[in-house]
Amino acid sequence: MDSSSMDRGAQIVLGAGVTALFHPIAYAKVLIQIGYEPVGPTLHTGLLGGKTLMYPNVFSYVGYIKKTDGFSGLYRGLAPRLISAGASNFVSNAVQSHLVGRPLATEVESKIDEAFSEGVRRLLKDTLYETCSRCAGVIASQPFHVIFVRSVAQFIGRETKYSSPLSAISEIWEKEGILGFFSGLIPRLLGEVLTIWLANTITYTINSYILSDKCHEDKRGYTSMFSQLVVTQITYPFNLVANIMAVNGSDLYAGGRPISPVYASWVDCWSRLKDQNQLKRGSSLFWRTYKGPSIINKAGIIMPVIEPVY
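Residues numbered from 1 in each chain as written. Predicted model: local features only at pLDDT ≥ 70, side-chain atom pairs only at ≥ 80, totals over all residues. Heavy atoms only, no water.

Colleague: Looking at this model, I keep getting lost on the overall build of the protein. Mind explaining?
Modeller: Assigned secondary structure in the protein consists of 11 helices and four strands. Residues counted as buried form 38% of the 310 residues belonging to the protein. Considering only intrachain contacts with a sequence separation of at least 6, the fraction spanning at least 24 residues in the protein is 72%. Approximately 17,400 Å² of the protein is accessible, and the part contributed by carbon and sulfur atoms is 63%. (Helix = DSSP H or I, 4+ residues; strand = E, 2+ residues; numbered from the N terminus. Buried < 20%, exposed > 50% of the residue type's maximum accessible area, 1.4 Å probe, protein only. Contact = heavy atoms within 4.5 Å. Areas by Shrake-Rupley, 256 points an atom, 1.4 Å probe, with all protein chains shown as cover.)

Below you can see the structure in the form of C-alpha cells.
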C-alpha cells in the first residue's frame, strides 16, 4: 500500500471519528430544524438588558435526548449518516478525478476564453468542475441522508421503522417508491450550487483584489474558510428546507400535524417558513431566540403562546 492510499485511509478514519464525535449535536439540530421543541422557552435577560424568550441551547437539548434514550440514544442515525458522507466523498472524488484536466465543451470554453481574463477563466472552469463533482456526491448520498433525517425524527414519535439502514430502505421502497429516497433533494442541490459559486467567487475576489500583495500571501490560505463560513449562513435556508422535506409527508409522526404542516412542495415549505420568520430556525445552537407569539401576563412577565400547528 502506497503512502497516498494510507493518507486517504487516515483521512477517512479521522473524518468518521469527527462525525461520530459531534453526531449528538447534529442529531439535536435536525430535531430543531423539523420544529420539535420538547422544552419550552423561558425568559432571559438579553445582551442589552432587555427581556427575551429563549429556547434551551443545543447542549441542554442533547441532555434531554440522553435523559430520554440514554447515552447510546445520542447516536441514533449515525450509521446512515456515515454511509451518506462516505458515498458523497467517494463519488465527488471520482468525478473530480475524471474531470480534472479535461477541456469543457468547445463552444463553452471558447466563449469563456474570449470574454474573461486568465484568472476569471480559471475560476469559472474550476468552479464548474467542483459543481459537477459535488452535485454528483449529493445525489449519490441523498438516499442515506433521507434515512439519517428520518432515523433522527423517530425520536419525536418513538417509532422504530428506521432503526437500521436495511429496514429504512424497505420502509421507503414499500411506502413511497424510489422517489422517497430523494425527498428534499432539490433544495439541497440548490444550496450546494449556490454555496460553491458564492464561496469561490468571494475567495477569488479577496485574494485577487484585497490580498493581492506578496506581503499578504500567507493570509490567502484562510480566505476560503472565511468565505465558506459567510456563505453557509446565506444558504442555510436551503439546508433547513431540505431536511424538513426529507421527512415531511412521510408516515412518521414528525412528518405531519401536529409537528409540522404537510407542505405541497419545497417552495411551499420555504414560503411558509419565510412568512413565519423561521428560515433561520436551527442556525444558532446557543442563542436560540423564541420568535413565536407572546403575551404579558398579570404579573408583567412575558410568556410564550404555544399554538398548535394546523
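Colleague: What is the right way to look at the packing of aromatic side chains in this model?
Modeller: For any pair of aromatic rings, the description rests on two quantities: the centre-to-centre distance and the angle between the ring planes. One pass over the full model with this rule turns up nine aromatic pairs. Ring centres 6.5 Å apart and planes at 85 degrees place the aromatic pair Tyr204 and Tyr209 in the edge-to-face group. Residue Tyr209 is classed as exposed on the basis of its relative accessible area, which comes to 60%. Site record: aromatic cluster; members linked through ring pairs are Tyr27, Tyr36, Tyr64 and Phe155. Its guanidinium or amino end placed over the ring of Phe148, Arg81 lies 5.7 Å from that ring's centre, counting from NZ or CZ. (Phe/Tyr/Trp six-rings, centres within 6.5 Å; stacked < 30°, edge-to-face > 60°. Lys NZ or Arg CZ within 6 Å of the ring centre and 35° of its normal.)

Colleague: Would you mind showing me how to read the packing of helix 2 (residues 23–34) against helix 10 (residues 236–247) here?
Modeller: The description of two helices packed together rests on the angle between their axes and the distance between the axes. Across the interface, helix 2 lies against helix 10 with an axial gap of 9 Å and an inter-helix angle of 85 degrees. Judged by the angle between their axes, helix 2 and helix 10 are roughly perpendicular. Every residue of helix 10 that contacts helix 2 at Lys29, Val30, Gln33 and Ile34 is listed here: Tyr236, Asn239, Leu240, Asn243, Ile244 and Val247. Split by residue class, the contact of helix 2 with helix 10 holds six nonpolar, three polar and one charged. (Axes fitted to C-alpha atoms, helices over the stretch in contact; angles between N-to-C directions. Parallel < 35°, antiparallel > 145°, perpendicular 65-115°, else oblique. Nonpolar A, V, L, I, M, F, W, Y, C, P; charged D, E, K, R; others polar.)

Colleague: What is the right way to read the confidence of the model for the protein from this model?
Modeller: Fine structural detail should not be taken from predicted coordinates in areas where pLDDT scores are low. Averaged over every residue, the pLDDT of the protein is 86; the share at 70 or more is 82%. Within the protein, helix 10 carries the highest mean pLDDT (97), whereas strand 4 (residues 302–304) carries the lowest (50). (pLDDT = per-residue confidence, 0-100.)

Colleague: Could you clarify how one ought to interpret helix 4 (residues 78–99) in this entry?
Modeller: Two residues of an α-helix separated by three or four positions point the same way, owing to the 3.6 residues in each turn. Under the 1.5 Å per step criterion, the end-to-end length of helix 4 is 31 Å for 22 residues, consistent within 8% with the ideal 32 Å. Among the residues of helix 4, Leu78, Pro80, Ser84, Ser88, Ser92 and Leu99 are the ones counted as buried. Take helix 4 and look down its axis: the buried residues cluster within an arc of 165 degrees, on one side only. Turned more than 90 degrees away from the buried face of helix 4 sit Phe90 and Ser97, all of them exposed. (Expected span 1.5 Å × (residues − 1). Arc of directions from axis to C-beta.)

Colleague: Explain the nonpolar core here, please?
Modeller: Burial of nonpolar side chains together is a common tendency in soluble globular proteins. Counting residues in each nonpolar core, the largest one holds 30 residues, and the members touching the most others are Leu31, Ile34, Tyr61, Ile65, Ile156 and Val247. For this core, the secondary-structure elements that each account for two or more residues are helix 2, helix 3 (58–69), helix 6 (118–157), helix 7 (165–176) and helix 10. Among the elements that take part in this core, helix 6 stands out by supplying eight residues, more than any other. The residues touching Tyr61, leaving out its near neighbours within four places in the chain, are Ala28, Leu31, Ile32, Tyr36, Glu37, Pro38 and Arg288. Core analysis: the next-biggest nonpolar cluster, separate from the first, contains nine residues, Leu240, Val241, Met245 and Leu273 among them. (Core = buried A, V, L, I, M, F, W, Y, C linked by side-chain atoms within 4.5 Å.)

Colleague: Sorry, what's going on with empty space enclosed by the protein here?
Modeller: The method is simple in principle: a probe with the dimensions of a water molecule rolls over the atoms, and the space it marks as empty is what remains. Under the counting rule described, the total for this entry stands at one cavity of 30 Å³ or more. In this structure, the largest cavity occupies an estimated 30 Å³ of space. Lining the largest cavity, in full, are Glu37, Pro38, Val39, Pro56, Ser60 and Tyr61. Grouping the constituent residues of the lining of the largest cavity by class yields four nonpolar, one polar and one charged. (1 Å grid on protein atoms, 1.4 Å probe; cavity = no way out; pocket = protein on both sides within 12 Å on 5 of 7 lines; lining within 4 Å. Points joined across faces, edges and corners; volume = space filled by probe spheres on them.)

Colleague: Help me out: how do you make sense of unusual backbone geometry in this one?
Modeller: The phi torsion of most residues other than glycine is negative, and most of the peptide bonds are trans. Geometrically, the link from Arg257 to Pro258 is a cis peptide bond, its omega value of 5 degrees lying close to zero. Examined against the element boundaries, Pro258 turns out to sit in the loop between helix 10 and helix 11 (266–275). One non-glycine residue, Asn277, lies in the positive phi region at around 55 degrees. For Asn277, the position within the fold is in the loop between helix 11 and strand 3 (294–296).

Colleague: I'm lost on a nonpolar patch on the surface in this one. Help?
Modeller: On the surface, Leu194, Leu198, Phe226, Val230 and Ile234 cluster together into a nonpolar patch covering about 410 Å² of accessible area. Secondary-structure elements contributing two or more residues to the nonpolar patch are helix 8 (185–210) and helix 9 (223–234). Ranked by residues supplied to the nonpolar patch, first place goes to helix 9 with three residues. Position of Phe226 among the secondary structure elements: in helix 9. (Patch = residues over 30% accessible without salt bridge, like charges linked within 9 Å, V, L, I, M, F, W, Y side chains within 5 Å. Salt bridge = Lys/Arg side-chain N within 4 Å of Asp/Glu carboxyl O.)

Colleague: Where do I start with the pattern of salt bridges in this structure?
Modeller: Close approach of charged atoms allows side chains of opposite charge to pair. In the structure shown here, the tally under the stated rule is 10 salt bridges. Note that Arg134 is salt-bridged to Glu130, the shortest N-O span being 2.6 Å. Of this pair, Arg134 and Glu130 both sit in helix 6, four residues apart, which is roughly one turn of that helix. Where Lys161 meets Asp251, a salt bridge forms, and the shortest distance between an N and an O atom there is 3.1 Å.

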